[in-house]
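# Coordinates in review
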Amino acid sequence: MAIYIALICGLLLPISNTAVAETKIAFGEANPPSIHVAIVKKGSSISTKDFFTTFVYEQSPVVFKAAILDSPAYRLWTDEYFMKLSGIPRDHTVLVESRKKENRTAPPTRMPFKEFVSVYNLTDQYMVESVPSFLRKDYMLPHHLQCEQLMRDVIVETMMWYSSGGTVSVVHTDSVENMNCLVSGTKRFVFVPPEYADKVLFDHPEGSYSGIDVDDVDYAKYPGLADIRFMHADLEPGDCLYIPFKWIHQVRSHNRNIAVNIWWDTFKNKAIDLERCDEDFDPAWTLDRVDTSGFEDLESSPAMIRDFVTGVIGDNSLYVGKFISSLNLPMMSDSGFVGSMEYNKVLAILRKIFELMDVGADGKVDALDIRDMPESRWTDISVYFKEIDAIEKDAEVIEEIHDEL
């Protein structure tokens, strides 16, 4: 089946340097006209094989128009429907953010699902939670994701975003492949293409995001942004957007807004046997048939560790102290953790990781060491990172006990 792709130029106008200095400029606006990502038009359904070979393997974002109009969720997911649901476990709660303008330092809360539905229109609260089990049967997968192996072996998590609109994200990247499908409301995504990635200062590398004020960009603090040719994607109800692994983006939502994200492991893309994916559309393919592995397994996988460490080293040549500080592990700068027995354990583990990475045995690690490192060492390094995670979790438990006392 032919794939129909349209490229649509945005309507954003270039703004002079003087105007940038005097006017509040939102992220993605003060540049030459933004370009809309590719679009697969309504009615041009494509198979999983075509989707992967045309877009995923090329790491190219694309909007699928009206891709989930046949999903029961598109018709059913009203506030009234949610409030009439029965069979919700009494102890079930959802994670709720308290501010519509994302602030990753503000702690979220948890509340029962129906309580959230009853108050979200009266507050700035919005829900970010794994699609609840009692809603998964309502959400039908878009045709281009209907592949047995993909749904059984590769999906990391499925997330539901639910608000009254007006939410604004930080500039960030995702460590997964991402299919964002909109059930209600509208969204605008602003993208920084990979060739401009070095123009964006990620001053919060521990969380893979930038501190840019997306409503009032400080071009003195972030001068590289003036050189970017941005891309954007506008979503309407029923549309889906593919966001490639680690593409820099920022999101705004409008009106009552519900979206479902399907996140999958980029390092398993080539392991999918696309020839075995059924090309026929199946309306029975709903989320209750999808297996998810969770982020814990992904974050500790050798492939993810390799990607993380490679990004830390870049073109640099790092000695052990600089290597450890460049990892930006939050606990290593926590005043309550530094100097403790657990801190010294982590420090010893990080030095072992450095020794494994120093393939050239010259007291520093660089891109050549990464290139020459045997695969078995990445497995060993991933085990060490799991040990660090275990120490961090134990330390958090101890801290919670102390707080209660």
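Residues numbered from 1 in each chain as written. Predicted model: local features only at pLDDT ≥ 70, side-chain atom pairs only at ≥ 80, totals over all residues. Heavy atoms only, no water.

### Observations regarding the overall build of the protein
Applied cut-off: Strands here mean DSSP runs of E at least two residues long; helices mean DSSP runs of H or I at least four residues long; both are numbered from the N terminus. Using C-alpha atoms as the atom set, the radius of gyration is obtained and then compared with a globule rule of 2.2 Å times the number of residues to the power 0.38. Relative accessible area decides the class of each residue, using a 1.4 Å probe on protein chains only: under 20% of the type maximum gives buried, over 50% gives exposed, and in between gives partly exposed. Contact criterion: two residues are considered in contact whenever any of their non-hydrogen atoms come within 4.5 Å of each other. Residue burial considers only the protein chains on display, and all accessible areas are found by Shrake-Rupley using a 1.4 Å probe. Charge convention: Lys and Arg are scored as positive, Asp and Glu as negative, and His as well as the terminal groups of each chain are ignored. Note that the charge is assigned to NZ on lysines, CZ on arginines, CG on aspartates and CD on glutamates.
Scanning the protein from terminus to terminus reveals 12 helices and 14 strands. Its C-alpha atoms give the protein a radius of gyration of 23 Å, near enough to 22 Å, the size a compact globule of 405 residues would have. Dimensions of the protein, computed from the C-alpha atoms along their principal axes, are close to 60 × 55 × 50 Å. Here the protein holds 405 residues, and the buried ones make up 47% of them. The contacts in the protein between residues at least 6 apart in sequence include a share of 83% that link residues at least 24 apart. For the protein, the accessible surface area stands at approximately 19700 Å², while carbon and sulfur atoms represent 52% of it. For the protein, the centre of its 39 positive side-chain charges and the centre of its 64 negative side-chain charges are spaced 3 Å apart.

### Here we look at unusual backbone geometry
With a phi angle near 55°, Ala-66 is a residue other than glycine that sits in the positive phi range. Counting through the fold element by element, Ala-66 comes out in the loop between β4 (62–64) and α3 (72–76). In this structure, Ala-361 is a non-glycine residue whose phi angle is positive, near 50°. You can see Ala-361 is positioned in the loop between α10 (341–357) and α11 (367–372). Residue Ala-361 is classed as exposed on the basis of its relative accessible area, which comes to 65%.

### Quick look at the environment of Trp-378
By the element assignment, Trp-378 lies in helix α12 (residues 375–404). Residue classification places Trp-378 among the buried positions, given a relative accessible area of 0%. Distance in space between the C-alpha atoms of Trp-378 and Arg-306 is 6.7 Å, their sequence separation being 72 residues.

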